[in-house]
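# Survey of secondary and tertiary structure
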Amino acid sequence: NAGVTQTPKFRILKIGQSMTLQCTQDMNHNYMYWYRQDPGMGLKLIYYSVGAGITDKGEVPNGYNVSRSTTEDFPLRLELAAPSQTSVYFCASSYALHGAEAFFGQGTRLTVV
Amino acid sequence: QKEVEQNSGPLSVPEGAIASLNCTYSDRGSQSFFWYRQYSGKSPELIMFIYSNGDKEDGRFTAQLNKASQYVSLLIRDSQPSDSATYLCAVIEAAGNKLTFGGGTRVLVKP
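Notes on the structure in this doc start here. (Residues numbered from 1 in each chain as written. Chains lettered and ligands numbered in written order. Predicted model: local features only at pLDDT ≥ 70, side-chain atom pairs only at ≥ 80, totals over all residues. Heavy atoms only, no water.)

### Quick word on the sheet that holds strand β8 (residues 76-78) of chain A
Residues and elements named next belong to chain A. Spatially, β1-β3-β8-β7 is the arrangement adopted by the four strands of the open sheet, whose pairing is antiparallel. On the outer flanks of this sheet lie β1 (4-7) and β7 (64-66), each paired with one strand and no other. If you compare each strand with its neighbour and ignore which way they point, the axes differ by 20 degrees on average. The pairing of β7 with β8 spans three bridges and is antiparallel. When the bridges of β8 are listed, Asn65 appears paired with Arg77. (Pairing = 2+ DSSP bridges. Helix = DSSP H or I, 4+ residues; strand = E, 2+ residues; numbered from the N terminus. Axes fitted to C-alpha atoms, helices over the stretch in contact; angles between N-to-C directions.)

### A closer look at unusual backbone geometry
Cis geometry is found at the peptide bond from Thr7 of chain A to Pro8 of chain A, where omega equals -5 degrees. Among the secondary structure elements, Pro8 of chain A is positioned in the loop between β1 and β2 (10-13). A cis geometry characterises the amide bond from Gly9 of chain B onward to Pro10 of chain B, with omega recorded as 10 degrees. Mapped onto the secondary structure, Pro10 of chain B falls in the loop between β1 (4-6) and β2 (11-14). One non-glycine residue, Gln70 of chain B, adopts positive backbone phi at about 60 degrees.

### What about the state of the cysteines?
Residues and elements named next belong to chain B. Applying the stated criterion across every chain yields a total of two disulfides over all chains. Paired by a disulfide, Cys23 and Cys89 hold their sulfur atoms 2.1 Å apart. With the S-S bond torsion at -70 degrees, the cross-link from Cys23 to Cys89 turns out left-handed. Note that Cys23 is positioned in strand β3 (residues 19-25) and Cys89 in strand β9 (residues 85-92), a separation of 66 residues in sequence. The two residues Cys23 and Cys89 agree in class, both being buried. (Disulfide = S-S within 2.5 Å. Buried < 20%, exposed > 50% of the residue type's maximum accessible area, 1.4 Å probe, protein only.)

In structure tokens form, the structure reads like this:
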């Protein structure tokens, strides 16, 4: 049982480059989330989705875009990378909202230089 | 004002003692509350959730919820060095569909 899978695990980007962080889950969960975690800090919500075709902004959406064409996949797109986007990115999913565990991927450590 | 607030710590406790962590939230209508544990360099993992006022116990962990005062706490009894981690409080607000985290409290259990 793979759970939530994120790729890549590590990436170094140059300022102005773009990339897509991949996230896929095999648990048929409707709810999916993207968080970023800066060193020594908590998780900040970037975008979330309550089902295929439905996405919404979280706390820190600027500089990012998402799509949710299938239940399984929730990619995060970074356009014009900036040093402020250096962080660890976590994707998570849950089958319901209230009282349901959110399962996390292993994270993507991104450095923008 | 941040939606979910925690003391960043570190909270240093001797082995065998009780660690007490607190979390306050701003949305009075919030309904579900979670505690996650995150080891350094790892992903968060769920310890427990609570949605009714009062206490909920699971092994050495007890979550306490007080909706009137808008706080939720976590007690770790008989703390072990393996409990050394960052503990994240998370809340689902009444009007939203999102899981919002606090900044986390770092706990250090010293042998």
